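Okay, here's what each chain looks like letter by letter:
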Amino acid sequence: MKNSGYYSQFGGAFIPEILVQTFDELESAYLAARDDDSFWAEYLELMSTYSCRATPISRLDNLTKELGGATIYVKREDLNHTGAHKANNVMGQGLLTKRMGKKRVIAETGAGQHGVATATMAAKFGFDCTIYMGALDVERQRPNVFWMEQMGAEVVAVKEGSQTLKDAINEAFRDWVTNMDDTHYVLGTACGPHPFPEMVSWFQSIIGTEARAQMLETTGKLPSRVYACVGGGSNAMGIFSGFLDDKEVELVGVEAGGRGRGSGQHAARLAYDDATIGVAQGYKTFFLQNTDGQMQETHSVSAGLDYVGVSPILSHFHETGQVRFEAATDDAVVAAMQRTVRREGLIPALETSHAFAQAYLEAPNMSPDENILVNMSGRADKDIFTVADAVHDPKWKEFIISKADAYRQEMNNA
Ligand SMILES: *Cc1c(COP(=O)(O)O)cnc(C)c1O
């Protein structure tokens, strides 16, 4: 056990002996990259030519008028390649993999978004790529699995345990132990053993650095509040990073409230009081677990926020009060998404819509002199099945049925 990578009592690296050297190597490569200005310059060049950076900020004129309080601005991470902030992390880790001389990457994925982003990076850099995904998630997320395989990744359906994200994480670590010499594990969020929380936050800090400068340039001042949704915590860490020294800016993290406080069906580790401090998956943080340390089932309409743990850095900020944590329920989230689509023509992912829901709740009570900034972590193309279900769109159902009928005929004729 090492002493670095702690944020008050949270974080650390609780890893098997056999991986200690691999983590040391990763930490050294990461620290050397941080000290090397040419690394960040190469990263900026890559992100500007491959992933639409710098992403703009957009002002929501219609909703600002309708809500009648603070002016709402949005940081457009949805414009990244593959549709979310995840590109910032995987491209950064891709450059680091190259620097370490490794030729293969592996990753875990739940909803499949991180798997698609990693497979994209591997295709571009010419790495071999294996993605671990719970067998249940493979069934539920066929479109993402399809693209991963098209990009040349091998998708392994993990049939252990609950056949979801946590089982995929265990399997990815097992692979790493066997193949650490030539393989880098591209962890998907600001969680896990040190140096991942810090390293992922560093790559994502590109969001906050841009956003702070853009708000100053556009409005002449800093926003009063900055909102981000919180799954593992990487997009939140990314945008918050730009404002950590600005005491006048309030930072608000919004978790998955699912079916609400007290329902036992949510993934609010910090906003509700159900989570306790523990060590799992190689790090110490607040987990939704029972008194025996067994992980609980979580629930959210958005797969990307449906996780038992949370970034140790955010647990630390929760305790110090540097970030305020709230939770938005599934119903509020779907309503906020529909409202944003209808009134602004922006299509926020269900994850992202948690941040919008909280911002819309608070904006009317603020002064028209104030600005708020919402991190639009991603777009909702991937959510079309879930959203069409939630809004009971009959034409969508007809479309799916006619597709299924056509496939059935094709198979019968074959
Ligand atoms: C994956 C994902 C998230 C959740 O991950 P964080 O690490 O908490 O940022 C949020 N929004 C979108 C669009 C995602 O794809």
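The coordinates are above.
Read on for an overview of the structure. (Residues numbered from 1 in each chain as written. Predicted model: local features only at pLDDT ≥ 70, side-chain atom pairs only at ≥ 80, totals over all residues. Heavy atoms only, no water.)

Topic: the pattern of salt bridges
Inference 1: Applying the stated criterion across every chain, the model contains 25 salt bridges.
Inference 2: Glutamate 171 is paired through a salt bridge with arginine 174; the nearest N and O atoms lie 2.6 Å apart. In this pair, glutamate 171 and arginine 174 both sit in helix H8 (residues 165–179), three residues apart, roughly one turn of the helix.
Inference 3: On the basis of relative accessible area, glutamate 171 is assigned to the buried category, the value being 19%. (Salt bridge = Lys/Arg side-chain N within 4 Å of Asp/Glu carboxyl O. Helix = DSSP H or I, 4+ residues; strand = E, 2+ residues; numbered from the N terminus. Buried < 20%, exposed > 50% of the residue type's maximum accessible area, 1.4 Å probe, protein only.)

Observations concerning the site of the ligand
Inference 1: For the ligand, the set of nearby residues contains 17 residues, the closest of which are Lys86, Thr189, Gly231, Ser234 and Ser377.
Inference 2: Within the backbone of glycine 231, one N or O atom sits 2.7 Å away from an oxygen atom of the ligand.
Inference 3: For the ligand, whose free accessible area comes to 380 Å², the fraction covered by protein is 96%.
Inference 4: For the shell around the ligand, the secondary structure elements donating two or more residues are helix H10 (234–241) and helix H13 (350–362).
Inference 5: Partitioned by chemical class, the residues of the shell around the ligand number four nonpolar, eleven polar and two charged. (Near = heavy atom within 4 Å. Polar contact = N/O pair within 3.5 Å; in protein donor to acceptor, adjacent residues only side chain to side chain. Areas by Shrake-Rupley, 256 points an atom, 1.4 Å probe, with all protein chains shown as cover. Nonpolar A, V, L, I, M, F, W, Y, C, P; charged D, E, K, R; others polar.)

Re the packing of aromatic side chains
Inference 1: Inspection of the entire model under this criterion finds 21 aromatic pairs.
Inference 2: Where phenylalanine 173 meets tyrosine 185, the ring centres are 5.1 Å apart and the plane angle is 85°; that geometry is what we call edge-to-face. Note that phenylalanine 173 is positioned in helix H8 and tyrosine 185 in strand E8 (residues 183–185), a separation of twelve residues in sequence.
Inference 3: Residue class for phenylalanine 173 comes out buried when judged on its relative accessible area of 16%.
Inference 4: Taking the relative accessible area as the measure of exposure, tyrosine 185 reaches 0% and is therefore buried.
Inference 5: Pairing tryptophan 176 with phenylalanine 196 gives two aromatic rings, centres 6.3 Å apart and planes at 55°, and the pair type is tilted. Placement of tryptophan 176 in helix H8 and of phenylalanine 196 in helix H9 (residues 196–219) is noted, with a sequence separation of 20 residues between them. One exposure class covers both tryptophan 176 and phenylalanine 196, and it is buried.
Inference 6: Cluster of aromatic residues (ring-pair linked, three or more members): Tyr30, Phe39, Trp40, Tyr43, Trp202 and Phe203. (Phe/Tyr/Trp six-rings, centres within 6.5 Å; stacked < 30°, edge-to-face > 60°.)

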